[in-house]
Each structure stands twice: as C-alpha cells, then as structure tokens.
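These are the residues of each chain, in order.
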Amino acid sequence: MIDKKVFDLIEKERVRQTNGIELIASENYASNEVMAAAGSILTNKYAEGLPGKRYYGGCSVVDNIEDLCRERLKKLFDASWVNVQPHSGAQANASVMLALLKPGDKILGFNLSHGGHLTHGSSVNFSGKYYKPYFYGVNKEDGLIDYNKLEEIAKKEKPKLIICGASSYSRDWNYKRIREVADKCGAFVLADIAHPAGLISRGLLNDPLEYCHVITSTTHKTLRGPRGGVIMMRQDYDNPFGIKTPKGIARKISSLLDSGVFPGTQGGPLEHIIAAKAVAFKEALSEKYFEYILQVQKNAKAMSESFLNKGYNIISKGTDNHLMLIDLRNKNLTGKIAEEILDSSDITINKNMVPFDTQSPFVTSGMRIGTAAVTTRGMNEKDMKKIVNYIDIVLSNIENKNKIQEIKSEINNWTSKFPLHK
Ligand code: DSN
C-alpha cells in the first residue's frame, strides 16, 4: 500500500527545496546516506539506557551503532565524553539543566532578542519558567557581545550556569573570558554550539571545549546530519553541588548528564537517527567536508560584503561564521515583509529580531541569512554575489509582481544547475 497523499506532499517539498535558494541559517541538505540511515529499519528498536546497559533485549546491533557514533563524535571534537541520544538541541539543553540545576536556580544567558535561543532562559520556555533567568547582550554601537556587562551581572547575581551560544550572532565567542567570569562566581559554563558546530569541529572558529564545562549542539545545521542533538565534554568534573545517588555516592558530571538525558527528559533513544548521526560525523571528518565548511565561511564573508556594498546594515558589519543578521530599517522594510516577498520569488530566509528591535517577534526589523545549504549545492563566492543581487532586486520591487515573477523564473532555471546531492 502506498500512501499517495503523504508521498505526493513529500515530492512537492523535494521540488520546493530543489527549485529555490535556501538561506535559512539553521538548515542544510543532508546526504543520501544520512537520509538512508534515518529512514532505516532501526526505527523499530527500543533501547532505553546506554550501550551495554540497556533496559531491553536485542540491543547488540544498536549498541555497536551507538558506540560507533560516540567514537566518531569524540574524534570530531576531541571530546572525552559524549551523549548522542538527545532528540534535539532543545532536549540536550533541557537535559543539561536538569542535571546541573535545581528549580529556581539562577542562569545567565544571551538575550533572545540579541541573537540568543529560547532554551537559554526565555520566559515562554522551560528554561525561563523553572530557573531564574538573567541576560547579557550586545553593545548598541558595534553589535558585539558586551563581556563587561556579562561579568557585571554574573558577579552581582552569582548564577549557577552561564550559557553562551546563539542562533543569530555572526561573530566568534570569547570562551576563555566567559570561563574566567564563571570561575569568579562559581558557575558552570554551557556552550550551545548548535549553529557553528561544523566550523568549530574543523578548527575554523575558537574551540569552546577548551574552556566550557559542557557543550551542546544540534547535528543538522552546519554539521549537515539528521535533525538531532548531542552533549559533549572534553574533561569530566566532580560535581561541585554535592548531588549524590540515593545510596550516597557522589556522582561525576558525566553521570549526571547521562541521567539528565535518560531517564531525566527522554525515553527510548532514536537509534535510526543515531545511525544517521554516525554517518554525518564520518562525513564531517573527511577532507571533502573540510573543503565544504571552509567554503561556507568564505561564502558568508563574500555575501556580507556584497550586502554592505549595496547599503544593507549588517549587525556588527560582517561575519566570522556561516550567517549574518541584517537590520532592514534603513530600507524601510520589516522582516515579515522581506520574508514574504522573498518567499514569493523562491528565496527562503527567516525574519529575525535585531538587537534593540522596536518591532514584535512576529514582525521584526531584520532578516537572518546563512550559507550552509547553498554551499552544499556547490555554490561559491561568485554565486553569493548573484544571490545578493536577486535579493536586492526583489526587495527593491515589492509592488512589482511582474518583476518578482521574472526573478523567480530566473532563479528556478539557475538552481537547476546545482544538484542537492552529488
Ligand atoms: N530554530 C533554530 C534556528 O533557526 O536557529 C534554533 O533552534
């Protein structure tokens, strides 16, 4: 039996992904092998627990798969301990907080409206409901993180956890400085590297594992794997909060984190996704991936220069990673209008709050753009200029339906030269 309705819709989505220009900074095109593993028979298996310590029989094969995945991830980030079971980045962050904090503990995260993430203390998320959040942000003048303010808040409030990492910050992080602040106030540091993980894994950005106690990431953005999350540490620590097992045994942080994932916040791990993560990590260790991720970074720089040349206001005036955030107020546009009009020409971006935004999160004054997906299709710096040109024409002709239709046809024709998978 074939479910025609569902498979017709999947085919429609394949066509959409193929015809358009995909610039959502958190998206990418996973390889056919990654997708084959994600769509495999492993979806049938329950495996609560960890390899060698499961609550179900018949786990010998999935034990091998999960061990392989863990070893590859350790190699990729030079980590000594990893957990590859989180179903998502949000689950990974929830597991870490459950493991290291008690309800009501103070946490210090990067302001969502300055580029942070919901799970770093937002009032609408578990992290802002169960813990007491404080926020640092960027300077108004240069759009760069205000580390002095971060230190000031940390010294005053003495949070248990300082979170660094972002979903729309285009610059590298000073992890060393954050760790120094944390040591002064007795906090743990969690680096959520969901976005730049691929660049970090191949040494193109500062290494958070050197200074941060715990690292979380997603696997589907720059890492180009299946949708999912992971947790890592380079060094295990004794637990300074004195959490003990019911039998009175003091537990290491790694053991608390494992329990934070299961049974703390999840049931059975998704072994088909863990297999797909393993495939993606093997790919990420390859020379070909290094060339790819280097090109992602070059493309982002080329794209931000083209936008600046056309008078667009890029927050912090450039990028170190795979994305950029553009304040559209000098173009008399909101993020909402830009997203809608670009969508109608088959260019996909997302509206985004900019620091000190005066619009609501549903409207916003900005747009976020990333180069991970278009680079997977084989596009280079020259193509980035072309894309900026298309965006500029569309945003300068929002009332001109014919022009937008003309650009859309041109784009559909142009993207057919760049297959999703080679
Ligand atoms: N929603 C993701 C993003 O687009 O950055 C982060 O979780």
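Cut-offs used in this document
Residues numbered from 1 in each chain as written. Predicted model: local features only at pLDDT ≥ 70, side-chain atom pairs only at ≥ 80, totals over all residues. Heavy atoms only, no water. 1 Å grid on protein atoms, 1.4 Å probe; cavity = no way out; pocket = protein on both sides within 12 Å on 5 of 7 lines; lining within 4 Å. Points joined across faces, edges and corners; volume = space filled by probe spheres on them. Nonpolar A, V, L, I, M, F, W, Y, C, P; charged D, E, K, R; others polar. Pairing = 2+ DSSP bridges. Helix = DSSP H or I, 4+ residues; strand = E, 2+ residues; numbered from the N terminus. Axes fitted to C-alpha atoms, helices over the stretch in contact; angles between N-to-C directions. Contact = heavy atoms within 4.5 Å. Buried < 20%, exposed > 50% of the residue type's maximum accessible area, 1.4 Å probe, protein only.

Caption draft 1: Highlighting empty space enclosed by the protein. A full pass over the atoms with the stated rule returns three cavities of 30 Å³ or more. Estimates place the volume of the largest cavity at around 100 Å³. As for the largest cavity, its lining consists of 17 residues, and the residues nearest its centre are Ala166, Tyr169, Trp173, Pro196 and Asn321. Counted by class, the lining of the largest cavity contains eight nonpolar, six polar and three charged residues.

Caption draft 2: Structural context of the sheet that holds strand S7 (residues 161–164). An order of S4-S10-S9-S8-S7-S5-S6 is seen for the seven strands of this open sheet, with the pairing classed as mixed. Strands with a single pairing partner mark the edges of an open sheet, and in this sheet they are strand S4 (81–83) and strand S6 (132–136). The mean inter-strand angle of the sheet, taken between neighbouring strand axes irrespective of direction, is 20°. The pairing of strand S5 (residues 106–110) with S7 spans two bridges and is classified as parallel. Opposite Leu108, over in S7, you have Ile162 as the bridge partner.

Caption draft 3: Highlighting the sheet that holds strand S15 (residues 366–370). The sheet built from four strands is open, its strands ordered S11-S12-S15-S14 with antiparallel pairing. Every interior strand has two partners, whereas the edge strands, strand S11 (313–314) and strand S14 (350–352), have only one. In the sheet, S14 pairs with S15 via three bridges, with the strands oriented antiparallel. Looking at the pairing, Lys351 lines up with Met367 of S15. Lying on the sheet, helix H11 (residues 287–309) is in contact with S11, strand S12 (323–327) and S15; it crosses S12 at an angle near 15°. Sitting on the sheet, helix H12 (residues 335–343) is in contact with S14 and S15, with an inclination near 175° to S14.

Caption draft 4: Broad picture of the pairing of strand S9 (residues 214–218). For S9, a buried count of five out of five residues is recorded, marking the element as mostly surrounded by other parts of the structure. The side-chain alternation of S9 yields two buried faces, one formed by Val214, Thr216 and Thr218 and the other by Ile215 and Ser217. Direction of pairing for strand S8 (residues 188–192) relative to S9: parallel, over a ladder of three bridges. Paired with Ala191 across the two strands is Ile215, which belongs to S9. Relative to strand S10 (residues 229–233), S9 runs antiparallel, the two being bridged by four bridges. Bridge assignment links Thr218 to a residue of S10, and that residue is Gly229.

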